[in-house]
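Each chain, letter by letter, is given below.
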Amino acid sequence: MRSSQAAVIHLKGFARYLVASMLLHDTIGGTMTSTSATAAPGSAGRATGWSHPLFALLLLALGVRLAAAVWPNVMYPDEIFQYLEPARQMLGHDSILTWEWRTGIRGWLLPTLLAGPVAIGDVIAPGGTGAFLAARLVVASASLSIVVSAWFLGARISRVHAIVAAFVAAVWFELVLLAPHTLGEPLATALIVPAALLVTNGPSPRRLAIGGALLAFAFVCRFQYAPAIAVLALGACWPRWRNLLPLVAGGLAALLLAAVIDLAHGVVPFAWLVGNIEENLLHDRAADFGVTPPSAYLGNFLVVWSAAIMLPIVAIWRGWRHAPLLLAVALVNLAFHSLIAHKEYRFVFLSVVLLILVAALGSADWVQSLRAKPGWRRWALPVVTAGWALLSVALAGASEAMRDYWTRGVGAAQLAAELRHDPQMCGLALYNVRFQLLPGRDRLVGSVPLYVLAPADPLAELILPPLLQATSPAFNRIIARPAAAGDLPADFSRQSCTHVGIGDACIYARSGSCDASVGAPFVINDVLVRMGH
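Think of each chain on its own: its residues are numbered from 1, step by step along the sequence as written. With the structure being a predicted model, the display of local features is reserved for residues of pLDDT at least 70 and the display and counting of side-chain atom pairs for 80 or more, all residues being used for whole-chain, interface and lining totals. Here the side-chain values reflect all heavy atoms present in the structure, with hydrogen atoms and water set aside.

Visitor: Honestly, the packing of helix α8 (residues 159–171) against helix α19 (residues 380–396) in this entry has me stumped. Any pointers?
Guide: Relative orientation and spacing of two packed helices are given, respectively, by the angle between their axes and the distance between those axes. Lines fitted to C-alpha atoms define the axes here, with helix axes fitted over just the stretch in contact, and angles between the N-to-C directions of these axes take values from 0 to 180 degrees. A run of H or I in DSSP becomes a helix once it reaches four residues, and a run of E becomes a strand once it reaches two; helices and strands are each numbered from the N terminus. Between α8 and α19, the least distance of the axes is 10 Å, while the angle of their chain directions is 20°. Relative to α19, the element α8 is oriented roughly parallel. Judged by the twist between their axes, the crossing of α8 over α19 is right-handed. Seen from α8, the contacting residues are Ile163, Val164, Phe167, Val168 and Val171; seen from α19, they are Leu381, Thr385, Trp388, Ala389 and Ser392. Looking at side-chain class alone, the contact of α8 with α19 contains 8 nonpolar, 2 polar and no charged residues. Any angle that falls under 35 degrees is termed roughly parallel, while one over 145 is termed roughly antiparallel, one within 65 to 115 roughly perpendicular, and all others oblique. Put simply, a crossing is left-handed when the front helix is turned counterclockwise from the back one by less than a right angle, and right-handed when it is turned clockwise. Between two residues, a contact is recorded if the distance between any of their heavy atoms is within 4.5 Å. Only Asp, Glu, Lys and Arg are considered charged in this grouping, and only Ala, Val, Leu, Ile, Met, Phe, Trp, Tyr, Cys and Pro are considered nonpolar; every other residue, Gly among them, is considered polar.

Visitor: Sorry if this is basic, but what is going on with the sheet that holds strand β1 (residues 428–431) here?
Guide: In a beta sheet, neighbouring strands pair by backbone hydrogen bonds and run either parallel or antiparallel. Spatially, β2-β1-β3-β5-β4 is the arrangement adopted by the 5 strands of the open sheet, whose pairing is mixed. Here the strands that pair on one side only, and so sit at the sheet edges, are β2 (450–453) and β4 (493–500). Ignoring strand direction, the axes of neighbouring strands in this sheet form an average angle of 20°. In the packing of helix α21 (residues 410–420) onto the sheet, the strands contacted are β1, β3 (477–480), β4 and β5 (503–509), and the crossing angle to β4 comes to about 150°. Two strands form a pair only when DSSP identifies at least two bridges running between them.

Visitor: Even after reading the chapter, I still don't get the side chain of arginine 441, so can you show me in this structure?
Guide: Its location among the elements puts arginine 441 in helix α22 (residues 441–444). For each residue, the accessible area found with a 1.4 Å probe, counting protein chains only, is set against the maximum for its type, and the residue is called buried under 20%, exposed over 50%, and partly exposed in between. By the counting scheme adopted, Arg and Lys are positive, Glu and Asp are negative, and His together with the chain ends is not counted. What makes a salt bridge here is a side-chain nitrogen of Lys or Arg within 4 Å of a carboxyl oxygen of Asp or Glu, nothing more. Buried charge arginine 441 goes without a salt bridge, the closest partner of opposite sign being aspartate 94 at 4.2 Å. Those residues in contact with arginine 441 that lie beyond four places of it in its chain are Glu85, Asp94, Ser95, Ile96, Gly446, Ser447, Val448, Pro449, Leu450 and Ile524.

Visitor: Which parts of the structure should I look at to understand the nonpolar core?
Guide: For soluble globular proteins, nonpolar side chains are generally found buried alongside one another. Joining through side-chain atoms within 4.5 Å is the link that ties buried Ala, Val, Leu, Ile, Met, Phe, Trp, Tyr and Cys residues into a set, and such a set is a nonpolar core. By size, the foremost hydrophobic cluster in this structure holds 170 residues, and its most contacted members are Trp172, Leu444 and Ile478. Here the element with the most residues in this core is helix α18 (residues 349–371); it accounts for 15 residues. Excluding its chain neighbours within four sequence positions, the residues that come into contact with leucine 444 are Ala416, Leu419, Arg420, Met425, Leu428, Leu430, Leu438, Leu450 and Ile479.

Visitor: Is there a simple way to think about the state of the cysteines in this case?
Guide: As used in these notes, a disulfide is a covalent bond between sulfur atoms, one from each of two cysteines. The disulfide definition used here is simple: a pair of cysteine sulfur atoms within 2.5 Å. All chains considered together, the criterion is met by 2 disulfides. Covalent S-S linkage joins cysteine 426 and cysteine 514, the inter-sulfur distance amounting to 1.8 Å. Torsion about the S-S bond of the cysteine 426 and cysteine 514 cystine: about 70°, corresponding to right-handed handedness. On the criterion of sequence distance, the pair formed by cysteine 426 in the loop between α21 and β1 and cysteine 514 in the loop between β5 and α24 (524–531) is long-range, its members being 88 residues apart. Here cysteine 426 falls in the partly exposed class, since its relative accessible area comes to 23%. Overall, cysteine 514 belongs to the partly exposed group, its relative accessible area being 25%. Sequence-ordered numbering of the bonded cysteines in the chain gives a disulfide pattern of 1-4, 2-3.

Visitor: Would you take a moment to explain unusual backbone geometry for this structure?
Guide: With the exception of glycine, the majority of residues adopt a negative phi angle, and the majority of peptide bonds are in the trans configuration. Here the bond from tryptophan 238 into proline 239 is cis, since omega is -5°, no more than 30 degrees from zero. Even without a glycine there, the phi angle at asparagine 201 is positive, about 70°. Examined against the element boundaries, asparagine 201 turns out to sit in the loop between α10 (184–199) and α11 (205–221). Backbone geometry places phenylalanine 270, a non-glycine residue, at a positive phi of 65°. Of note, phenylalanine 270 is situated in the loop between α13 (244–264) and α14 (271–282).

Visitor: Any chance you could explain the pattern of salt bridges here in plain terms?
Guide: Side chains that differ in charge, positive against negative, can pair when their charged atoms come close. Here the structure, examined in full by the defined rule, presents 14 salt bridges. Of the charged contacts, one joins aspartate 365 and arginine 318 as a salt bridge, the two residues approaching to 3.4 Å between their closest N and O atoms. Of the two residues, aspartate 365 sits in helix α18 while arginine 318 sits in helix α16 (residues 310–319), which places them 47 residues apart along the sequence. Judged by its relative accessible area of 4%, aspartate 365 falls in the buried class. Between arginine 321 and aspartate 365 there is a salt bridge, with its nearest N and O atoms 2.9 Å apart. You can see arginine 321 sitting in the loop between α16 and α17 (324–338) and its partner aspartate 365 sitting in helix α18, a full 44 residues away along the chain. Look at the salt bridges and you will find they share partners, linking Asp78, Arg106, Glu185, Arg222, Glu344 and Arg346 into a network.

Visitor: For this particular structure, what's the right way to read the side chain of threonine 189?
Guide: Structurally, the position occupied by threonine 189 is in helix α10. Apart from residues no more than four positions distant in its own chain, threonine 189 is found in contact with Ile146, Pro194, Tyr225, Phe349, Leu350 and Val353.

See the structure below:
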């Protein structure tokens, strides 16, 4: 534990050093070097401190991200069961242990980093909600690195490009949607984008080393981003291959720290990486969660962006010359993930962010073109930024997929809040309701015993209704679908219902105490072992 705490302290110090080095090397009031053939004098503007547009844009970005953080949606079960539950386990609490952690195919870096916010949240607001919210606030704040990087990348061209790029990064709905979620993809992206800023445009050895460290940490967060990271590293060093030395040195230092964190948890460094590749490549475990064709991500873009997809495409066509390497990284990442059979939209979040940044740079060219026309000088920038904002708001809820992302897990959070504040609950059973749909052990039951009665359990598959009757003395609360109400013991009555997953789920309660020994074989972690989950 002491080693992992020391690692967290070193990471926090590294983050402070990173921010300082970025601001000192490329000062807010200074001139940036263009990524194109010529630089724009005074591109970053002369305003400094609190009056600088970047500060206002960061406040805007922080505001919308804080709102997203407090909204209790859970887009993917992984954000709870792969990261927050292990973080709670580190702190000595009971947690739900999934098959990925039992087989050792997850690394300890992210749970270690999240353990601090989880502990602080528990102190401020015990009961699980504080830990959940604190972790989301930290992750949402980390996503501001994308906004800062967008400003400086745009400032290499002109002040207008800086403003437009940072504004789009601040308000674009996909960036806001993923920002607070404790997942590897948004965290890795929040490291890769500033790394792209640091390692390009004539970087110093110090910038290359820091950028290499960020890329290595991003690799640990989401190792499937390795091809994209390689393209960025090689593209940044070509043809000055000597730049690889400090970049690789920084990366090795970061990997060493990640290895120390693994050792602190008593596991072989990066054994999780080998195991993950073995499970998913050789045993094809990921296919159990769904398989789609290589064109699936293109279909996702069409669903999410609908007919409005033509606007970003045209803007990307206009802006790619400003950031050809970013576009290459985005396309390589998209192509690589298209070859993986199991697909989720979050997997290509890095590509989404980079494509939007390139599109923002292209739309800044439109601002400059409009300003050359009579009567447009004052209105060009407001019109283009307002267009981005309106398009973002419209697309945020235009598709069923987006509406589902925004509301997924909200009903489960309502049920969990009701149960967690129920002083009479002495045991809870999930009756044929997937645990992945619920917001983690602590937010659901705290230290109260949690049981699972599921048809996939070899001990229960043929006798589920009578088994519920036999084990009911172990619990006085049940979460079940309304259609299963007939299976429940007669002394359980329905309390409240809400939408969870594919339909409604309800709390059923009885009065009286619990005898935990009756349900001992069906505590959640023992059931998950039998089911292979």
